Every structure is written in C-alpha cells, then in structure tokens.
Amino acid sequence: MKSKNKKCSPASQVAEGLPKPRRSIPVKEVDEMIDRAVARVKSERTIYDDRNSLIEAINEAERDIEHHEDCLHRIEKNLISLKLQLNKTNTAIARELDLDSLR
C-alpha cells in the first residue's frame, strides 16, 4: 500500500477531534485592532483621570470654604470683642468728661 500525505478538510479534522485551523489575519488588520484598543484604553483613562481631577478640585474647594468660614467666624468674634472694648472706652471717656464738667 502506498502511504499518501493526505490533507484533511476542516470538517474531517473536527470530526476526528483535531483543532479547527485558524484563518490568517493580515498584519495591517492586527495593527488596526491594536490601535483601536489602545485608543479606547487611553480615552477611558483620560475620562477617569479627568473625573478624579474634578473630584480632587471639588474636595480642595470644600476644604478652602471650611477654612475661610472658620477664619470669618474668628474675625467676627474679634470684631465683636473690639466693639465691646470701644464701647467701654467711649463710656469711660463720657464719664471722664462728665466729671470734668462737674468740677
């Protein structure tokens, strides 16, 4: 008997349990697929990076507001204290003037 190198068809390979042959993908098509995937990943990273930057800016602005509100509160307390001191000083001046007018 002659031994022939027979090429099996894909259907007969599957029937025999052999893996199905893959089709060849041109290099250009592979490069395009890679470029699309890279562009997609970059755009997603950019969107999330932008989101994280915005969240950080919002948090920083909220911290600034809290700091300025605290400063404003302290300034208002200081203003009240200064006005009380002014009133006391004005009262002391008025008494002194009254005493001088009685002499």
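For the structure itself, look to the data block above.
Reference entry: report on the structure contained in this document. Remember, it's a predicted structure, so these values are computed and weren't measured experimentally. (Residues numbered from 1 in each chain as written. Predicted model: local features only at pLDDT ≥ 70, side-chain atom pairs only at ≥ 80, totals over all residues. Heavy atoms only, no water.)

### Considering the overall build of the protein
Line of reasoning, step 1. Broken down by element type, the protein carries two helices and zero strands.
Line of reasoning, step 2. Scored against the burial criterion, the 103 residues of the protein give a buried share of 1%.
Line of reasoning, step 3. Summing over all exposed atoms, the protein offers an accessible surface of approximately 10,300 Å²; the carbon and sulfur share of this is 57%. (Helix = DSSP H or I, 4+ residues; strand = E, 2+ residues; numbered from the N terminus. Buried < 20%, exposed > 50% of the residue type's maximum accessible area, 1.4 Å probe, protein only. Areas by Shrake-Rupley, 256 points an atom, 1.4 Å probe, with all protein chains shown as cover.)

### Things to note about the pattern of salt bridges
Line of reasoning, step 1. Under the definition given, this model contains three salt bridges.
Line of reasoning, step 2. E44 is the partner of R40 in a salt bridge, and the nearest nitrogen-oxygen pair spans 3.3 Å. Taken together, the positions of R40 and E44, both in helix α2 (residues 27-102) and four residues apart, correspond to about one turn of that helix.
Line of reasoning, step 3. A relative accessible area of 47% means that R40 is categorised as partly exposed. (Salt bridge = Lys/Arg side-chain N within 4 Å of Asp/Glu carboxyl O.)

### Some words on a nonpolar patch on the surface
Line of reasoning, step 1. Taken together, the side chains of I25, V30, M33, I34 and V38 make up a nonpolar region of the molecular surface, amounting to roughly 380 Å² of accessible area.
Line of reasoning, step 2. Assignment of secondary structure puts V30 in helix α2. (Patch = residues over 30% accessible without salt bridge, like charges linked within 9 Å, V, L, I, M, F, W, Y side chains within 5 Å.)

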